[in-house]
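In case you want the letters, here they are:
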Amino acid sequence: MSKPAQFMDVPSYRGALNTSFVHRYSHGEDEWSWDIGMAKAARVFLESLGVTPDQHILDVGVGRARDASEFIQAGHRVTGLDIVQNSSWPLLRKRWGERLQLVCSALQDWQPSAGKLFDAVLDNGCFHHQHPDEWEAYLANIRQFARPGALIGLNVFGVDASNPTPGWRAMDNQRQGYFFTEQGVRETFEGFGFNWQELVVIERQHGDAVYLLALLRT
C-alpha cells in the first residue's frame, strides 16, 4: 500500500475529513446512511454474531445509527463512535437509552473505560478513508478493544471492472478512498494481526462497484 505523493499530513487530513462529514450531514448528503450495500453488510455481520444474546458491539462510524438500531432490536447493546455528531443523536439517545452509547471521537484517540472489552466490532465503511500513516494505530485499537476471539467486521471499497487497479482515489471535499482487491484485503488485515474468517462481496448501489466485507477474529 502506497499513498499518493501529494497526500496531506495527518492533522490536515483529519481536519478535511471532519469538515467533509459535517457538511454532508448538515446538508442531507450522507448517502451512506441509506446505502443498500452497507445495510446488507451490517445484516451479514449480525448473522455472523450467532444467537448469543446481549452482546456488546462497537460500531465504528455509527452515523445516524442505522446499523446500531438494528443490532439493538436484535437484543444487543451498542457503543457507537464517530468523528462528528449529527442531528439525529439526541433522539437516538432518547429512543434507546442505556442500550446505545454515542461517543464523538476518532477511533485512534478514544480510550474506553478501563477493562471494557467488546464482544464484536463493526467498521462499516470508515477504514478505507483513514490516512495511511494511521492504519496501524487504527487497527491496533480495534484489536485492543475487542475480547479474544471477538468477531470483527471491516467493510471496504473493492475494485471493479471499470477501475481494476487497487489504490487511492480522490473523493469529495479532499477525502481519499482506498480500493482493495480481494487478495489485498486478506493480506492487509492478516498483516495487521487479525485472524481471517471469510470475505463477503457485496454489490454497491453505484454501477459495478462492490464492497468487500472482511469477517475476522481477534
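By convention here, each chain's residues receive numbers from 1 onward along its written sequence. Selection of residues for local features in this predicted model requires a pLDDT of at least 70, selection of side-chain atom pairs for listing and counting requires 80 or more, and totals for whole chains, interfaces and linings are taken over all residues. Excluding hydrogens and water, the side-chain figures rest on all heavy atoms present in the structure.

Focus: helix α4 (residues 89–96)
Partly exposed describes any residue whose relative accessible area lies between the buried limit of under 20% and the exposed limit of over 50%, with all areas from a 1.4 Å probe on protein chains only and scaled to the type maximum. Only DSSP runs of H or I with at least four residues qualify as helices, and only runs of E with at least two residues qualify as strands; both kinds are numbered from the N terminus onward. Within the span of α4, buried status applies to Trp89, Leu92 and Trp96. Seen end-on, α4 carries its buried residues on one side only, within an arc spanning 60°. Facing away from the buried surface of α4 by more than 90 degrees, the exposed residues are Pro90, Leu91 and Lys94. Lining the buried residues of α4 we find α3 (66–73), β2 (77–82) and β3 (100–104). Along the arc lie the directions from the helix axis toward the C-beta atoms. Every residue pair with non-hydrogen atoms within 4.5 Å of one another is taken to be in contact.

Thoughts on the UniProt feature "domain: Methyltransferase" (unreviewed entry) in the protein
UniProt positions are given in the numbering used here, feature names are shortened, and annotations may be inferred rather than shown by experiment. In the numbering adopted here, UniProt assigns the feature "domain: Methyltransferase" (unreviewed entry) to residues 57–149. Across residues 57–149, helical content stands at 29% and strand content at 28%; the span's end C-alpha atoms are separated by 13 Å.

Notes on the packing of α3 against α4
Every angle, taken between N-to-C directions, lies between 0 and 180 degrees, and every axis is a line fitted to C-alpha atoms, over only the stretch in contact when it is a helix. Relative orientation of the contacting elements α3 and α4 amounts to 5°, with a least axis distance of 12 Å. One finds that α3 runs roughly parallel with respect to α4. On the side of α3, the interface is formed by Ser69, Ile72 and Gln73, while α4 contributes Leu92, Arg95 and Trp96. Residue type decides the class: Asp, Glu, Lys and Arg count as charged, Ala, Val, Leu, Ile, Met, Phe, Trp, Tyr, Cys and Pro as nonpolar, and the leftover types, Gly among them, as polar. Looking at the contact of α3 with α4 residue by residue, the classes come out as 3 nonpolar, 2 polar and 1 charged. With respect to orientation, any angle under 35 degrees is reported as roughly parallel, any angle over 145 as roughly antiparallel, any angle of 65 to 115 as roughly perpendicular, and every other angle as oblique.

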